[in-house]
Amino acid sequence: MPVPGPGYSITVRLEAPPSASAAGDLTTAVGQVGGVLTAFDVVESHSDAIVVDITANVSSADHAEDLTKALNTLPGVHVRKISDRTFLMHLGGKLEVSPKVALRNRDDLSRAYTPGVARVCQAIAANPEDARRLTIKRNTVAVVTDGSAVLGLGNIGPSAALPVMEGKAALFKKFAGVDAWPVCLDTQDTEEIIRIVRALAPVYAGINLEDIAAPRCFEIERRLREQLDIPVFHDDQHGTAIVVVAALRNALRVVGKPIEKCKIVVSGVGAAGSAIIRLLQRKGPADIVAADIDGIVHSGRDNLDDNLRWVAEHTNKDGVSGTLHDALVGADVFIGVSAPNLFGAEQVATMADDAVVFALANPDPEIDPLEAQKHAAVVATGRSDYPNQINNVLAFPGVFRGLLDAQAHHIDDEMLLAAANAIADVVDDRLNASFIVPSVFDAAVAPAVAEAVKTAARKEEVASTS
């Protein structure tokens, strides 16, 4: 179901005849091959030719080639150069280090570096907690990956994962003013990852684990939380869970159903699915039925790992077995974090009236959203080209902003639920079936989430010391 979008945006520089019909011929050629024209710029004009930059969204690299061929075959047209705008954005990386203090003269240098800096070092040695006050630690998060589960690309390794981690760090800064830095580790050994993160932790006030494959991610997060005095947050798990819970709260308001009476089906029981189930359990649904590639998860199934065993023990109260299609019968809610094209409109028709469908596999969801809309009352995806995009960007910047502001030493479910409620509340009276979560560019989201998390963290601190 690929459609032209800015992720595949190209600029074609070409020469064309200086005729009155040239612009129309060029734009028509783009449209005939399914491209979406976004800019048309004449960069040079001569008596015998014009030089034009045509910028268009396409759906794939092959589609880009088709568009270029269509332009190149027009009479008198010669393509000079093709630029992929996504690759251009990544030239040299997306991050840089910029000092916050001026170094204009010897006096500045003496305070920022030797000899003056030695006094600050001695103060931190005497009171290590001062590192949060006197260094970058107070506002800095490590974005840690081993490259084993990057987006929908799988195990592509740490170097190939770096552009994603750079993007993550850029989002931290853009939406919450958090200084984050990619830490891409050239190992996929659980013990070594834990050891390395422990060793680098003094620089950071939080650890954001990213794109580490299940089930290793569960062990890595659990043990780092036990061993470090800063919050450890696996975004693929908890960021997804926060936004799903926020969106579901509002979706159920649209259809007028209390969660306590809802049967929820979750497809995919890896990092995201398991975290969604665990956080949803705190909301008290009537039942959750989980399914994976082997069908419905139940305690009688063979070869359950620790994660699946926990899921089997805490869901599926009637012990049903069968396929995902079987699980959907009578369900009020479907939440998919699994694989594309698993079912169609005929399966949605077997769900309860006013069903809610969150098909979040990316880029291709478990069901075509247009098919789901034939029977479901509310439909959400992970895509930006459909309404109701469930996107972790709504959660993680504000979550870490709140944790850093609270100088929190851990994170727990109460903070996650506080974040989810804050996201849901931002929608307020704009709520409808096509608007159950705010835009990722809504400036109110990150501050609201940060305040909610900070308040919950400080309550936890007070409760633990009383």
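The structure displayed is predicted, hence computed values, not measured ones.

Student: I keep staring at the overall build of the protein and nothing clicks. Help me out?
Tutor: Along the protein, the regular secondary structure elements total 18 helices and 14 strands. Projected onto its principal axes, the C-alpha coordinates of the protein cover approximately 85 × 75 × 45 Å. With 466 residues in all, the protein has 49% of them scored as buried. Counting contacts in the protein only where the partners sit at least 6 residues apart, residues at least 24 apart contribute 68% of the total. By element, 52% of the accessible surface of the protein is carried by carbon and sulfur atoms, the whole surface being about 22,100 Å². When the 42 positive and 60 negative side-chain charges of the protein are each reduced to one mean point, those points stand 8 Å apart.

Student: Before we go on, may I ask you to explain the sheet that holds strand β14 (residues 378-381) in this structure?
Tutor: The strands that make up a sheet pair up through hydrogen bonds in the backbone, lying either parallel or antiparallel. Taken together, 6 strands build an open sheet; the order of strands is β11-β10-β9-β12-β13-β14 and the sheet is mixed. On the outer flanks of this sheet lie β11 (295-296) and β14, each paired with one strand and no other. Across 2 bridges, the pairing between strand β10 (residues 287-292) and β11 is antiparallel. The partner of A291 across the bridge, within β11, is I296. In the packing of helix α10 (residues 235-255) onto the sheet, the strands contacted are β9 (263-267), β12 (333-336), β13 (356-359) and β14, and the crossing angle to β13 comes to about 155°. Along the sheet, helix α11 (residues 271-281) makes contact with β9, β10 and β12, crossing β10 at roughly 175°.

Student: Please explain the packing of α10 against α11 as it appears in this structure.
Tutor: The packing of two helices is summarised by the inter-axis angle and the distance between the axes. In contact at an axis separation of 8 Å, α10 and α11 are set at 50° when each is read in the N-to-C sense. Considered as vectors, α10 and α11 are oriented oblique to each other. In this structure, α10 crosses over α11, and the sense of that crossing is right-handed. Contacts from D236, Q237, H238, T240, A241, I242, V244, V245 and L248 in α10 reach A271, A272, A275, I276, L279 and L280 in α11. For the contact of α10 with α11, the residue count by class is 11 nonpolar, 3 polar and 1 charged.

Student: I'm lost on the packing of aromatic side chains in this one. Help?
Tutor: When we look at a pair of aromatic rings, we describe it by the centre distance and by the angle of the planes. Here the structure, examined in full by the defined rule, presents 5 aromatic pairs. Measuring from centroid to centroid gives 4.9 Å for F334 and F343, while their planes differ by 75°, and the two rings are edge-to-face. For the residue pair F334 and F343, the accessibility class agrees, reading buried in each case. Members of the aromatic cluster, joined through ring pairs, are F172, F233, F396 and F400. Directly above the aromatic system of F396 lies the positively charged group of K168, at a separation of 3.9 Å from the ring centroid.

Student: I would appreciate a short explanation of the UniProt feature "domain: Malic enzyme N-terminal" (unreviewed entry) in the protein in the present structure.
Tutor: This chain's UniProt record puts "domain: Malic enzyme N-terminal" (unreviewed entry) on residues 92-225. The straight-line gap between the two end C-alpha atoms of residues 92-225 is 34 Å; of that span, 46% is helix and 12% is strand.

Student: Please explain the side chain of T381 as it appears in this structure.
Tutor: Counting through the fold element by element, T381 comes out in strand β14. According to the relative accessible area criterion, T381 is buried, its value standing at 1%. Within the structure, T381 has its side chain in polar contact with the backbone nitrogen of R383 (distance 3.0 Å). Setting aside anything within four residues of it in sequence, one finds T381 in contact with A359, L360, P369, Y386, P387, N388, Q389 and I390.

Student: How should I be thinking about the sheet that holds strand β8 (residues 232-234) in this particular structure?
Tutor: Taking strand neighbours across the sheet as the criterion, the 4 strands line up as β6-β5-β7-β8 in an open arrangement whose pairing is parallel. The sheet terminates laterally at β6 (179-184) and β8, the two strands that pair on one side only. Each strand of the sheet is rotated relative to its neighbour by a mean of 25°, with strand direction disregarded. Pairing geometry for strand β7 (residues 206-209) and β8, over 3 bridges, is parallel. Its bridge partner lying in β8, N208 is registered against F233.

Student: In this structure, what is going on with the state of the cysteines? I would like to understand it.
Tutor: Tallied over the entire structure, the rule returns 0 disulfides. The thiol of C184 is not disulfide-bonded; the next cysteine sulfur, from C217, is found 17 Å away. When its relative accessible area of 24% is taken as the criterion, C184 is described as partly exposed.

Student: Please clarify how the pattern of salt bridges should be interpreted in this entry.
Tutor: Here the idea is simple: oppositely charged side chains can pair when their charged atoms come close. The final tally for this structure, using the stated rule, is 30 salt bridges. Where D53 meets R13, a salt bridge forms, and the shortest distance between an N and an O atom there is 2.8 Å. Here R13 lies in strand β1 (residues 5-16) and D53 lies in strand β3 (residues 50-58), a separation of 40 residues in the sequence.

Student: Could you clarify how one ought to interpret the pairing of β6 in this entry?
Tutor: Here strand β5 (residues 140-145) runs beside β6; their pairing, made up of 6 bridges, is parallel. Within β6, the residue paired with V144 across the bridge is V183. Following the backbone out of β5, through helix α7 (residues 157-176) and into the adjacent parallel β6, one traces a crossover that is right-handed.

Student: Any chance you could explain a nonpolar patch on the surface here in plain terms?
Tutor: A cluster of nonpolar residues, V101, L103, L109 and Y113, forms a patch on the protein surface that exposes about 440 Å² of accessible area. On the secondary structure map, L103 appears in the loop between α3 (85-90) and α4 (106-112). With relative accessibility at 54%, the residue L103 sits in the exposed group.

Student: Would you mind showing me how to read the UniProt feature "domain: Malic enzyme NAD-binding" (unreviewed entry) in the protein here?
Tutor: The sites that UniProt annotates as "domain: Malic enzyme NAD-binding" (unreviewed entry) are residues 237-458. Secondary structure across residues 237-458 divides into 41% helix and 11% strand, with the first and last C-alpha atoms of the span separated by 23 Å.

Student: When you look at the packing of α11 against helix α12 (residues 306-314) in this model, what are you seeing that I'm missing?
Tutor: Between α11 and α12, the shortest axis-to-axis distance is 11 Å and the interhelical angle comes to 30°. For the pair α11 and α12, the sense of crossing is left-handed. Contacts between α11 and α12 involve S274, I277, R278 and Q281 from the former and N307, W310, V311 and H314 from the latter. Considered class by class, the residues forming the contact of α11 with α12 number 3 nonpolar, 4 polar and 1 charged.

Conventions we followed
- Residues numbered from 1 in each chain as written.
- Predicted model: local features only at pLDDT ≥ 70, side-chain atom pairs only at ≥ 80, totals over all residues.
- Heavy atoms only, no water.
- Helix = DSSP H or I, 4+ residues; strand = E, 2+ residues; numbered from the N terminus.
- Buried < 20%, exposed > 50% of the residue type's maximum accessible area, 1.4 Å probe, protein only.
- Contact = heavy atoms within 4.5 Å.
- Areas by Shrake-Rupley, 256 points an atom, 1.4 Å probe, with all protein chains shown as cover.
- Lys, Arg positive; Asp, Glu negative; His and termini not counted.
- Charge placed at Lys NZ, Arg CZ, Asp CG, Glu CD.
- Pairing = 2+ DSSP bridges.
- Axes fitted to C-alpha atoms, helices over the stretch in contact; angles between N-to-C directions.
- Parallel < 35°, antiparallel > 145°, perpendicular 65-115°, else oblique.
- Left-handed = near helix turned anticlockwise from the far one by under 90°.
- Nonpolar A, V, L, I, M, F, W, Y, C, P; charged D, E, K, R; others polar.
- Phe/Tyr/Trp six-rings, centres within 6.5 Å; stacked < 30°, edge-to-face > 60°.
- Lys NZ or Arg CZ within 6 Å of the ring centre and 35° of its normal.
- UniProt positions renumbered as here; feature names shortened; annotations may be inferred.
- Polar contact = N/O pair within 3.5 Å; in protein donor to acceptor, adjacent residues only side chain to side chain.
- Disulfide = S-S within 2.5 Å.
- Salt bridge = Lys/Arg side-chain N within 4 Å of Asp/Glu carboxyl O.
- Right-handed = clockwise from strand over helix to strand, strands pointing away.
- Patch = residues over 30% accessible without salt bridge, like charges linked within 9 Å, V, L, I, M, F, W, Y side chains within 5 Å.

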